[in-house]
Amino acid sequence: MGFSSAVLVARVWEYVSLESYLSCGLSCPIRSSDVFQLHHFHYGLVLILVGMGFLAVTRRQRVRWDAALIFGIGAGLCTDETGLLLLKIPYYDPISLLMLAGIGFALLGGTVNAAFRDGTGEFRILDRADILIVLSILLVMSGFLYLDRPLVTIVAVAGGSSWAGAGILIALFGKKHFVRIWEGSG
């Protein structure tokens, strides 16, 4: 879920970014003037390391779910720009899209394998708070990417709305989710 959500948000962001730069002409800020421009590849690397760190040290199922989501988001962001940054091919090149599909199907295959091997009984303990916290993590991720370079008002509003929605969900349901993680139930 994290992988596909991250790829979708990143691709929409790149499309909106390109369209807004093509339409604004000389009034656009210059993106290439930065000495070191952060790409969502770099954010993805940080998320992969954070997710792997938690996955390596914890045995609590709820923490592992959250860490797997963060890892998936990082993998999606990294894979999305691998062709552009490492292989030096255009963003929408078929090889870049094929890499996305390949990594996505590999992660899906691993998930299906784990579901058949271990069963899906652990998902029966999920409740509304757990599901809405997952949604809030996805909203934080989308808000972060959209607010990275606010180009047009609608993009800034979408990013701000994502963060506001995530904040509301965390305020309403975060305590229950995180208390259960802290206490070790589930």
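Residues numbered from 1 in each chain as written. Predicted model: local features only at pLDDT ≥ 70, side-chain atom pairs only at ≥ 80, totals over all residues. Heavy atoms only, no water.

**Some details on the overall build of the chain**
Within the chain, the regular secondary structure consists of six helices and zero strands. The helix and strand sequence of the chain, counted from the amino end, reads α-α-α-α-α-α. Put simply, the chain has 186 residues, and 37% of those count as buried. Long-range contacts, defined as pairs at least 24 residues apart, comprise 74% of the intrachain contacts of the chain with a sequence gap of at least 6. (Helix = DSSP H or I, 4+ residues; strand = E, 2+ residues; numbered from the N terminus. Buried < 20%, exposed > 50% of the residue type's maximum accessible area, 1.4 Å probe, protein only. Contact = heavy atoms within 4.5 Å.)

**Details of the confidence of the model for the chain**
On average, residues of the chain carry a pLDDT of 79, and 82% of them reach 70 or more. Across the chain, element-level confidence peaks in helix H2 (residues 40-57) with a mean pLDDT of 90 and bottoms out in helix H5 (residues 128-148) with 75. (pLDDT = per-residue confidence, 0-100.)

**Considerations on helix H3 (residues 61-85)**
Given a rise of 1.5 Å per residue, 25 residues ought to cover 36 Å, and the 35 Å separating the end C-alpha atoms of H3 matches this to within 8%. Counting buried residues along H3, 18 of its 25 residues qualify, which places the element largely inside the surrounding structure. (Expected span 1.5 Å × (residues − 1).)

**Details of the nonpolar core**
As a rule of thumb, nonpolar side chains are buried together in soluble globular proteins. The biggest cluster of nonpolar side chains holds eleven residues, and these are Ala6, Val9, Ala10, Tyr43, Leu69, Ile73, Leu77, Tyr91, Val134, Leu138 and Met141. If you list the elements that add at least two residues to this core, you get helix H1 (2-24), H3 and H5. In this structure, Phe3, Ile48, Cys78 and Leu100 belong to the second largest nonpolar core, which totals seven residues. (Core = buried A, V, L, I, M, F, W, Y, C linked by side-chain atoms within 4.5 Å.)

**A look at the pattern of salt bridges**
Within this structure, the stated rule accounts for two salt bridges. Ionic pairing is found between Arg11 and Asp80, a salt bridge with its closest N-O pair at 2.5 Å. With a gap of 69 residues between them, Arg11 in helix H1 and Asp80 in helix H3 connect regions that are remote in the sequence. Residue classification places Arg11 among the buried residues on the basis of a relative accessible area of 12%. Overall, the relative accessible area of 0% leaves Asp80 in the buried class. With a closest N to O distance of 3.0 Å, Asp118 and Arg117 form a salt bridge. We classify Asp118 as exposed; its relative accessible area is 54%. (Salt bridge = Lys/Arg side-chain N within 4 Å of Asp/Glu carboxyl O.)

**A look at the packing of H3 against helix H4 (residues 94-118)**
One way to put it is that H3 packs onto H4 with a least axis distance of 7 Å and a crossing angle of 155 degrees. With respect to H4, the axis of H3 lies roughly antiparallel. By crossing handedness, the relation of H3 to H4 is classed as right-handed. Counting all contacts with H3, which are made through Ala75, Thr79, Asp80, Thr82 and Gly83, the residues of H4 involved are Ser96, Met99, Leu100, Ile103 and Leu107. (Axes fitted to C-alpha atoms, helices over the stretch in contact; angles between N-to-C directions. Parallel < 35°, antiparallel > 145°, perpendicular 65-115°, else oblique. Left-handed = near helix turned anticlockwise from the far one by under 90°.)

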